[in-house]
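# Tertiary structure, described
Listed below are the residues making up each chain.
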Amino acid sequence: MPLKPSILKGVESILGAKKVDKFLNEKEDYLIVEDSSGRVRISNKTTFNNFSPSHYVSGIVAAIKGHLDEKGVMVMEDICFHIAGDYSFQLNTKHESLLKTNSRLIAIVSGLQFGLEDKSHSHFNKLVFLRNLLLDFFQNEDNNSIASRIDKLIIAGNTIYAPDDTDLVEKGSYLKQDLNNRIYRTLINNYNLADEYLDKLSHAIHIDLMPGVDDNSSSLFPQQSVNKIMYPNTCANDSINLVSNPYRFSIDGIDILGTSGQNVDNIRKFSSYSYPTEILEKTIEWGHIAPSAPDTLRTYPFSDEDPLILKSMPNIYFAGNQKNYETKIINYINSPIRLISIPDIVTSGVFEHDTFDQVANRLAAIGDGFHQLIDGLELDQLTHILLVPE
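Computed from a predicted model, the values in this text were never measured in an experiment.

The pLDDT averaged across the protein works out to 75; a share of 70% of its residues lies at or above 70. When pLDDT is averaged over each element of the protein, helix α6 (residues 276-286) comes out on top at 94 and strand β16 (residues 372-374) at the bottom at 30. Contacts of residues 14-18 to residues separated by more than four positions or lying in other chains number 1 contact, the stretch itself having pLDDT below 50. This model gives residues 351-390 a pLDDT under 50, and the stretch forms 151 contacts once residues within four places in sequence are excluded.

Right under this line is the structure:
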């Protein structure tokens with residue numbers, strides 16, 4: 001992969017080389033399979049299953065069947081991947097109005113980015129709309145709003161806006177000290193804004209806060225939870241839970257797994273896949289949350305066990321901080337898994353023109369006591385709020 005990043009290319013980027021968002025070169029890229037006995041190249045002339053090197057990423061564990069051609073290059077005939085443990089959860093699909101169910105719900109959002117410079121106040125208005133929605137400021141005549149049934153809010157990363165020069169400071173800037181002072185003042189102010197906002201929400205709703213790439217957590221994936229000192233007012237009560245990324249939890253026997261999106265973004269750069277749910281489906285197929293780590297995604301060097309291996313499959317699997325909302329249901333060993341792309345508030349254009357009643361009728365919902373799957377609602381850019389009964 002000629003376009004794959006390297007240390008030398010990293011030096012070039014500091015010197016002003018052009019940055020690349022997609023590292024594919026269809027004409028020159030090829031795959032190599034490696035085990036304890038050696039390495040062998042996979043022929044790009046393989047016709048099995050519409051083969052292309054762009055359909056795979058570095059680090060995938062697989063068993064490959066094939067033969068060597070006259071040049072010693074393997075022509076792949078079949079391939080299989082890791083199969084997780086027992087998965088017997090069943091869901092029945094039906095269409096039903098969300099407003100007619102009394103089930104308790106949770107909401108998932110991402111990319112709040114407190115401190116983002118916004119001259120048009122669009123970002124501020126979105127945050128206010130979200131706060132009002134969650135605090136149930138919108139009441140209908142029957143006093144039976146969806147918001148009144150939301151018991152938990154999950155924030156899937158990038159709560160804080162990081163200025164463009166933050167990386168220079170964190171890596172040790174060779175520039176003037178005033179840059180460091182300016183960046184740290186900005187970050188402190190951004191955290192204060194977020195703390196004030198979340199403190200008000202936490203008095204009305206339970207919050208699970210995941211770190212993202214722009215939050216002050218570990219730079220390696222998986223990320224540890226943000227230190228509670230960053231949110232002193234919010235963490236003074238028991239209704240906020242600072243969690244890791246990825247975050248896996250269970251509600252009423254339903255297994256839910258989510259990330260803040262780094263794994264999806266990294267795979268997108270090194271493959272032909274563009275849609276988040278498509279990439280999530282591939283990680284299910286490959287049996288690993290982030291197979292490209294640590295080759296192209298920086299990860300903590302675990303020596304005894306890889307915590308990112310999918311030893312069992314979740315019932316719901318989401319990724320935050322994506323460009324748009326997507327959802328799909330896939331069958332894994334004849335059982336459904338719901339895949340969800342949660343867009344960030346800034347780039348997705350959510351909460352721009354719609355009233356709460358319009359939002360409420362477009363929310364994506366899962367479950368009726370988790371025994372039935374609601375999948376018939378109108379979905380558009382506002383469905384980045386995922387509602388699941390608790």
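Next, the rest of the story.
Take the sheet that holds strand β11 (residues 254-259) next. Within the open sheet, the 5 strands sit side by side as β10-β11-β12-β14-β13. Their pairing is mixed. The two strands at the open ends of the sheet, each matched to only one other strand, are β10 (247-251) and β13 (326-332). Here the strands of the sheet are splayed against their neighbours by 20° on average, with no regard to which way each runs. Alignment of strand β12 (residues 316-322) against strand β14 (residues 335-343), held across 5 bridges, turns out to be parallel.

It is worth spelling out helix α2 (residues 122-134) at this point. Under the 1.5 Å per step criterion, the end-to-end length of α2 is 19 Å for 13 residues, consistent within 8% with the ideal 18 Å. For α2, every residue scored as buried is listed here: Ser122, His123, Lys126, Leu127, Phe129, Leu130, Asn132, Leu133 and Leu134.

Assignment of secondary structure puts Asp208 in strand β8 (residues 206-210). Side chain to side chain, Asp208 and His206 meet in a polar contact 3.2 Å long. Engagement of the side chain of Asp208 in a polar contact is seen with the side chain of Tyr247, the distance being 2.8 Å. Every residue in contact with Asp208, bar those within four places of it in the chain, is listed here: Lys152, Leu153, Ile154, Ile155, Asn241 and Tyr247.

Attention shifts here to the pattern of salt bridges. Pairing between side chains of opposite charge can happen when their charged atoms approach one another. Evaluated as defined, the whole model comprises 8 salt bridges. Salt-bridge contacts for Arg248 lead to Asp255; the nearest nitrogen and oxygen are separated by 2.6 Å. A salt bridge links Glu281 to Lys328; its shortest N-O distance comes to 2.8 Å. With Glu281 in helix α6 and Lys328 in strand β13, this pair connects stretches of sequence that are 47 residues apart.

Here we take up unusual backbone geometry. Between Phe221 and the following residue, Pro222, the backbone shows a cis peptide bond with an omega angle of 0°. Counting through the fold element by element, Pro222 comes out in the loop between β8 and β9 (240-242). Along the chain, Asn245 connects to Pro246 via a cis peptide bond; the corresponding omega equals 10°. Mapped onto the elements of the fold, Pro246 is located in the loop between β9 and β10. Notably, Gln113 is not glycine yet its phi reads approximately 50°, a positive angle. Within the element layout of this structure, Gln113 appears in the loop between β6 (105-109) and α2. Not every positive phi belongs to a glycine, and Asn158 is a case in point at roughly 55°. Tracing the backbone through its elements, the reader meets Asn158 in the loop between β7 (150-156) and α3 (166-171).

About the criteria used
Residues numbered from 1 in each chain as written. Predicted model: local features only at pLDDT ≥ 70, side-chain atom pairs only at ≥ 80, totals over all residues. Heavy atoms only, no water. pLDDT = per-residue confidence, 0-100. Helix = DSSP H or I, 4+ residues; strand = E, 2+ residues; numbered from the N terminus. Contact = heavy atoms within 4.5 Å. Pairing = 2+ DSSP bridges. Axes fitted to C-alpha atoms, helices over the stretch in contact; angles between N-to-C directions. Expected span 1.5 Å × (residues − 1). Buried < 20%, exposed > 50% of the residue type's maximum accessible area, 1.4 Å probe, protein only. Polar contact = N/O pair within 3.5 Å; in protein donor to acceptor, adjacent residues only side chain to side chain. Salt bridge = Lys/Arg side-chain N within 4 Å of Asp/Glu carboxyl O.

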